[in-house]
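Residues per chain are reported as follows:
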Amino acid sequence: MTAEVTATGAFDQLRVELGERGYDILVGPGLIERAGALMSPLLRRRQAVIVTDENVARHYLAPLRESLVEHGIAQHAVVLPPGEGTKDLAHFGRLVDDILACGIERGTMLVALGGGVVGDIAGFAAATLLRGIDFVQIPTTLLAQVDSSVGGKTALDTRFGKNLIGAFYQPRLVLADTASLATLPRREVRAGYGEIVKYGLMRDADFFGWLEAKGRALCDLERGALTRAVMVSCRMKAVIVAADEREEGDRALLNFGHTFAHALETETGFGDRLLHGEAVALGMVLAFDFAVRLGLASGQDSHRVRQHVAAAGLPTELAAIGLSGSAADRLLLHMGKDKKVRDGAITLILPRRIGDVFVMRDAPVEQLRGFLAEAA
Ligand code: ADP
Ligand code: ZN
């Protein structure tokens, strides 16, 4: 990890070590305005196609275009409607047609400017257009900056479920412009924070302690706290991904809180009722409580986690998202359909303590059922 200071300002930098697919992540304010200069050395052809959504375009498309123009990069933009609904095959079909209509070649750079939705669909377009063109990711949500910008997962949803089509495809560069979070709705900032808390709980108790002290400043977008949290999160994910690019081992630990979260999101319809990061926050609280119930973790740790999640304005109770005891069986059913399910067994990532989680392959289903019924 190095800190670079350039004439136009400072940013932090880390490398995702994936051999010839390795790439840099730059973190700091004002990177969108400097995108042209930062991308230039990577361009095989001075042409870029920007993919973004309407909300993000309103704030950041013009400065990005200006920066590219300033550096002599010909550019086109495709603006998608915002929201998860955009991540389907119908939109994908129109998107690749629109991109092809720009007259792209193998050396064209695709630029994904936006949150996880834009990153997923544009990344998959980059992976598949002309059998793969280069792409740069400019994540503009906190969630995308700390999560989807590392690891190269690209995806589309189908009516059978989320992210069922996709590819592992690494970007050439990630520009996490922390200043772009200023326009992000507060609720989205808090949801992204949920995913940051995950990194501490997963394998860095000191980081969790730091979040207990700095979480508020971070959610208020205080520059130093924000940059540090994004860097620590990306670095941790980068190390895990470098060791396990295709999710066969340790990478599963990144799913801490996520088996519960996916069940909750399925139950609430993957919409505004419960954002992904909120579901993860509640999922981690449930994982701690369930681990206490199984005698694996201490009540003290689970109390500390619940306190912090609540202080961040994130949900800690099923009732808070409108679920009652009658939802327990359905949640269990959703958990059984989780991608991590093998042979009907439910796999959970459970904590031993703050900063230490492990994979439990065969979670005791009846105890889980009882736990959920009481939790709701
Ligand atoms: P996620 O990264 O959480 O998966 P999405 O791509 O669904 O996010 O983005 C969440 C919402 O926030 C969308 O409505 C999107 O248009 C909007 N959005 C993304 N980035 C910004 C930003 N920097 N400022 C304002 N709105 C944004
Ligand atoms: Zn997640």
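Our subject is the structure that appears above.
Residues numbered from 1 in each chain as written. Chains lettered and ligands numbered in written order. Predicted model: local features only at pLDDT ≥ 70, side-chain atom pairs only at ≥ 80, totals over all residues. Heavy atoms only, no water.

Undergrad: Would you mind going over the coordination of the zinc ion (ligand 2) with me for this structure?
TA: Angles at a metal have ideal values that depend on geometry: 109.5 degrees with four tetrahedral donors, 90 or 180 degrees with six octahedral donors. In this structure, Glu 195 (OE), Glu 195 (OE), His 258 (NE2) and His 276 (NE2) serve as the protein donors to the zinc ion (ligand 2), at separations of 2.1 to 2.7 Å. Viewed at the metal, the four donor atoms of the zinc ion (ligand 2) are separated by angles of 49 to 136 degrees, and the geometry they form is irregular. On the primary sequence, the residues serving as donors to the zinc ion (ligand 2) are separated as E-x62-H-x17-H. Of the two residues, Glu 195 is situated in helix H6 (residues 186-203) and His 276 in helix H10 (residues 276-293); the sequence distance between them amounts to 81 residues. For Glu 195, a relative accessible area of 0% corresponds to the buried category. Using a relative accessible area of 23% as the deciding quantity, one classes His 276 as partly exposed. (Donors = N, O, S within 2.8 Å, 3.2 Å for Na, K, Ca; no water. Tetrahedral: all angles 85-135°; square planar, octahedral: opposite > 155°, others 65-115°. Helix = DSSP H or I, 4+ residues; strand = E, 2+ residues; numbered from the N terminus. Buried < 20%, exposed > 50% of the residue type's maximum accessible area, 1.4 Å probe, protein only.)

Undergrad: I would appreciate a short explanation of the pairing of strand E10 (residues 173-177) in the present structure.
TA: Note on strand geometry: in a regular strand, side chains alternate between the two faces of the sheet. Across the five residues that make up E10, a large majority, five, are buried. Burial along E10 is two-sided: Leu 173, Leu 175 and Asp 177 and Val 174 and Ala 176, pointing in opposite directions, are all buried. Bridge analysis of strand E3 (residues 23-28) against E10 gives five bridges, and the strand direction is parallel. Its bridge partner lying in E10, Val 27 is registered against Ala 176. (Pairing = 2+ DSSP bridges.)

Undergrad: Looking at this structure, I do not really get the packing of helix H7 (residues 205-219) against helix H11 (residues 299-311). What am I missing?
TA: When two helices pack together, their arrangement is given by the angle between the helix axes and by the axis-to-axis distance. Two elements in contact, H7 and H11, have axes whose closest approach is 10 Å; the angle formed by their N-to-C orientations is 25 degrees. As judged from the angle between their axes, H7 and H11 are roughly parallel. Judged by the sense of rotation from one axis to the other, the crossing of H7 with H11 is left-handed. For the pair H7 and H11, the contacting residues are Phe 208, Gly 209, Leu 211, Glu 212 and Arg 216 in the first and Arg 304, Val 305, His 308 and Ala 311 in the second. In terms of residue class, the contact of H7 with H11 is made up of four nonpolar, two polar and three charged. (Axes fitted to C-alpha atoms, helices over the stretch in contact; angles between N-to-C directions. Parallel < 35°, antiparallel > 145°, perpendicular 65-115°, else oblique. Left-handed = near helix turned anticlockwise from the far one by under 90°. Contact = heavy atoms within 4.5 Å. Nonpolar A, V, L, I, M, F, W, Y, C, P; charged D, E, K, R; others polar.)

Undergrad: Please clarify how the packing of aromatic side chains should be interpreted in this entry.
TA: The geometry of an aromatic ring pair is captured by two quantities: the separation of the ring centres and the angle between the planes. Taken as a whole and assessed by the stated rule, the structure comprises five aromatic pairs. Sitting above the plane of the Tyr 199 ring, Lys 198 keeps its charged end 5.0 Å from the centroid. The cationic tip of Arg 228 hangs over the ring face of Trp 210; the distance from NZ or CZ to the ring centre is 4.6 Å. (Phe/Tyr/Trp six-rings, centres within 6.5 Å; stacked < 30°, edge-to-face > 60°. Lys NZ or Arg CZ within 6 Å of the ring centre and 35° of its normal.)

Undergrad: Please clarify how the site of ligand 1 should be interpreted in this entry.
TA: Near ligand 1 there are 16 residues, and of these Asp 53, Gly 116, Thr 140, Thr 141 and Thr 183 occur at the shortest range. In this structure, Val 117 approaches ligand 1 through a main-chain N or O atom, which is 3.1 Å from an oxygen atom. Between ligand 1 and Ser 180, the relevant distance is 2.9 Å, taken from a nitrogen atom to a main-chain nitrogen or oxygen of the residue. Computed on the free molecule, ligand 1 has an accessible area of 570 Å², of which 84% lies beneath the protein chains in the complex. Ranked by residues supplied to the shell around ligand 1, first place goes to helix H2 (residues 54-70) with three residues. Its residues assigned to classes, the shell around ligand 1 comprises seven nonpolar, seven polar and two charged. (Near = heavy atom within 4 Å. Polar contact = N/O pair within 3.5 Å; in protein donor to acceptor, adjacent residues only side chain to side chain. Areas by Shrake-Rupley, 256 points an atom, 1.4 Å probe, with all protein chains shown as cover.)

Interpretation in functional terms is not warranted from these geometric data alone.
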